[in-house]
Amino acid sequence: MEIFHLSAECYPVAKVGGLADVVGALPKYQNNLGHYAKVVVPAYDNKFSRENEFEVVHRGQLKLGWFYFSYAILKEKTNYLGFELYQIAIPELFDRPNVYSYEDDTERFLAFQIAFLNWLIETNQRPDLLHCHDHHTGLIPFMVQHAFNYRHLNQIPTVLTIHNAQYQGWFGYDKLYYLPSFDLSKLGYLEWNGTINPLASAIKCAWKLTTVSPSYLDEISNHANGLENLLRWERPKSIGILNGIDTEVWNTITDPMLEVNYALNDFEKGKQKNKEFLCREFNLDADKPLFTFIGRLVGEKGADLLPQICSMALRQNPGEINILILGSGDPIVESQLQSLLHFYTGNYNAYIGYSEKLAHLIYAGADFLLMPSRVEPCGLNQLYALRYGTVPIVRRTGGLRDTVLDIGDGGFGICHDQTTVSDVHQAIARAIELFHDAKKMESVRKTIMQIDHSWDKVAQTYLTVYQSLIT
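Residues numbered from 1 in each chain as written. Predicted model: local features only at pLDDT ≥ 70, side-chain atom pairs only at ≥ 80, totals over all residues. Heavy atoms only, no water.

**A few points about the overall build of the protein**
Each helix and strand in the protein was counted, giving 17 helices and 17 strands. Principal-axis analysis of the C-alpha atoms places the extent of the protein at approximately 65 × 45 × 40 Å. Relative to its 471 residues, the protein shows a buried fraction of 62%. The long-range share in the protein, meaning contacts at least 24 apart out of those at least 6 apart in sequence, stands at 72%. For the protein, the computed accessible surface area is about 18600 Å², with 49% contributed by carbon and sulfur atoms. (Helix = DSSP H or I, 4+ residues; strand = E, 2+ residues; numbered from the N terminus. Buried < 20%, exposed > 50% of the residue type's maximum accessible area, 1.4 Å probe, protein only. Contact = heavy atoms within 4.5 Å. Areas by Shrake-Rupley, 256 points an atom, 1.4 Å probe, with all protein chains shown as cover.)

**Quick look at the pairing of strand β4 (residues 67–76)**
Counting buried positions over the 10 residues of β4 gives seven, a clear majority of the element. Pairing between strand β3 (residues 54–64) and β4: 10 bridges, direction antiparallel. Its bridge partner lying in β4, H58 is registered against I73. With antiparallel pairing between neighbouring strands as the criterion, β3 and β4 make up a hairpin whose turn holds two residues, including G65 at a positive phi of roughly 65 degrees. (Pairing = 2+ DSSP bridges.)

**A look at helix α10 (residues 306–316)**
Listed as buried for α10 are L306, P307, I309, C310, S311, A313 and L314. In this fold, the buried residues of α10 make contact with β12 (290–297), β13 (322–329), α11 (331–339), β14 (348–352) and α15 (421–435).

**With respect to the packing of aromatic side chains**
All chains considered together, the criterion is met by 17 aromatic pairs. Measuring from ring centre to ring centre gives 5.2 Å for F142 and F182, while their planes differ by 80 degrees; the resulting arrangement is edge-to-face. Placement of the pair is F142 in helix α5 (residues 140–146) and F182 in the loop between β7 (158–162) and β8 (191–192), with a sequence separation of 40 residues. Pairing Y462 with Y466 gives two aromatic rings, centres 6.5 Å apart and planes at 45 degrees, and the pair type is tilted. With Y462 and Y466 both in helix α17 (residues 455–469), this residue pair falls four residues apart, about one helical turn. The buried category is assigned to Y462, whose relative accessible area is 1%. On the basis of relative accessible area, Y466 is assigned to the buried category, the value being 0%. Linked through ring pairs, F4, Y86, F116 and W119 together constitute an aromatic cluster. Geometry around Y102 places R96 over its ring, the cationic atom sitting 4.9 Å from the centre. (Phe/Tyr/Trp six-rings, centres within 6.5 Å; stacked < 30°, edge-to-face > 60°. Lys NZ or Arg CZ within 6 Å of the ring centre and 35° of its normal.)

**Concerning the environment of N229**
Inspection of the secondary structure puts N229 in helix α8 (residues 228–233). For the pair N229 and K28, spaced 201 residues apart in sequence, the C-alpha separation works out to 35 Å.

**Description of the nonpolar core**
Counting 89 residues, the largest nonpolar core has F291, I323, I325, Y348, Y363 and F368 as its most contacted members. For Y348, the contacting residues outside a window of four places in its chain are L284, C310, L314, I323, I325, L337, L340 and L341. (Core = buried A, V, L, I, M, F, W, Y, C linked by side-chain atoms within 4.5 Å.)

**Some remarks on the side chain of E84**
Here E84 lies in strand β5 (residues 84–89). Summary of buried charges: E84 has no salt-bridge partner, and the nearest side chain of opposite charge, K38, is 4.1 Å away. One polar contact links E84 to Y36, side chain to side chain, over a distance of 2.5 Å. A distance of 2.5 Å separates the side chain of E84 from the side chain of Y86, its partner in a polar contact. Setting aside chain neighbours within four positions, we find E84 in contact with Y36, A37, K38, V39, K75 and N79. (Lys, Arg positive; Asp, Glu negative; His and termini not counted. Salt bridge = Lys/Arg side-chain N within 4 Å of Asp/Glu carboxyl O. Polar contact = N/O pair within 3.5 Å; in protein donor to acceptor, adjacent residues only side chain to side chain.)

**A short note on the sheet that holds strand β17 (residues 414–416)**
Strand pairs in the sheet, formed through backbone hydrogen bonds, run parallel or antiparallel to each other. With parallel pairing, six strands are arranged side by side in an open sheet as β14-β13-β12-β15-β16-β17. Here the strands that pair on one side only, and so sit at the sheet edges, are β14 and β17. The average angle at which neighbouring strand axes cross in this sheet is 15 degrees, direction not considered. Bridging between β13 and β14 involves five bridges; their strand directions are parallel. Paired with G327 across the two strands is I352, which belongs to β14. Lying over the sheet, α11 contacts β12, β13 and β14, oriented at roughly 155 degrees with respect to β13. (Axes fitted to C-alpha atoms, helices over the stretch in contact; angles between N-to-C directions.)

**Section: the environment of Q30**
With respect to the helices and strands, the residue Q30 is situated in helix α1 (residues 18–32). Here Q30 falls in the buried class, since its relative accessible area comes to 0%. Spatially, the C-alpha atoms of Q30 and D456 are 8.1 Å apart, while their sequence positions differ by 426 residues. What Q30 contacts, discounting residues up to four positions off in sequence, is I3, H5, H35, A37, A459, Y462, L463 and Y466.

**Remarks on the packing of α1 against α17**
Axis separation between α1 and α17 bottoms out at 9 Å; the angle between their running directions is 75 degrees. Relative to α17, the element α1 is oriented roughly perpendicular. Across the interface between the two elements, V22, A25, L26, Y29 and Q30 of α1 pack against W455, D456, A459, Y462, L463 and Y466 of α17. In the contact of α1 with α17, the residues fall into nine nonpolar, one polar and one charged. (Parallel < 35°, antiparallel > 145°, perpendicular 65-115°, else oblique. Nonpolar A, V, L, I, M, F, W, Y, C, P; charged D, E, K, R; others polar.)

**Remarks on the pairing of strand β1 (residues 2–6)**
Walk down a regular strand and you will see the side chains alternate between the two sheet faces. The buried fraction of β1 amounts to five of the five residues, a majority that puts the element mostly inside the structure. Alternating residues of β1 divide into E2, F4 and L6 and I3 and H5, and every residue in both groups is buried. Relative to strand β2 (residues 36–42), β1 runs parallel, the two being bridged by five bridges. Residue pairing for β2: E2 is matched across the bridge by Y36. Traced from β1 through α1 to β2, the parallel crossover comes out right-handed. Where β1 and strand β6 (residues 129–133) come together, four bridges link them in parallel fashion. (Right-handed = clockwise from strand over helix to strand, strands pointing away.)

Next up, the structure:
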């Protein structure tokens, strides 16, 4: 099969969150299974675009309402990512460093989708399937079915994967004229709750809907930022498929970002060496249990509670634990986390920002990973932690529920039910007790490092979904 994956993110091209990791791995593993998966993303003005070589394979023009934009399809020359990578360059809209958070994001991602479909039409391409990821590509299923320009594509199956249903790409009817001409009797496929809603449109129009974990599919039937009724209605065409991780990138034996590589037979020594390096860099005590948080400092992740969580844990366990935070987001939370440095020197530190190398080091060197998420469609951080022998402490929600079983239930992680300071504090107390039981801690680490969350099986599951749509 020839498959196009369409996304705003793809690791290592452009990454904001877990969406990038999925789109950067799934196509590679599908190709390994003998198929022809490609990725299409916007051409951002970032490090990846500047440091890699591209060839122009097509030029064209798109119409966005009354405006015309030139675009170019750029193909990465080497395919070293394991798949063909195409970037769509629209200079007036995407020659900027960031992926999101511009006032004209509606125009940017609409233009990206229109340019992609124009490219298919103008070069007479008919792939076997279009796989759209989140709302940024959510109008493609509608346009291939109902826009007059693309009627020759309307027999191509479309699949939508929802990575996070909270973000839907809403815009008003005043921008409806941006879309290519379509059958106005189909306007209802675009609308939800009085606005144009790209995610809702994709849920209605895509041939198949997937979420990134089975539990998340259940949860969004009740909590989906206004889409609950629609998702319940479309449940028959929906399936939850748990994400995998790229075990070529996340491999303790070969990971170039680690201070010391290690394998299952020497993981204790390897993790300790990485921990000692981290503790030297951040003025922490390598003999104490090291708790960490890695991710966006936003309410969905429970990060607004992190300052209280850290302060309580450090105050009630004086000099007995270390906490290291890596993340950025809410400026108030950032400030509060930085202020803790003045009170808990030697046992607490924070890196405000993001560093892929530091993230890998923390997974390797930490003892416990905190994930007090309110919303976690799948969660990849806990999978990376498991792979690197770091015990996840998670709230039972979404993919965290599907991937982490509590040690009290014969499992290998520490789970709690609510995103509250008290629940997380109790979980930390259990983790401290586990850390001081050296034999049990070693057994848990040995177990979690052997859990298989690779993309191999997951990629085949997606291919089975695709094949069910192709007649």
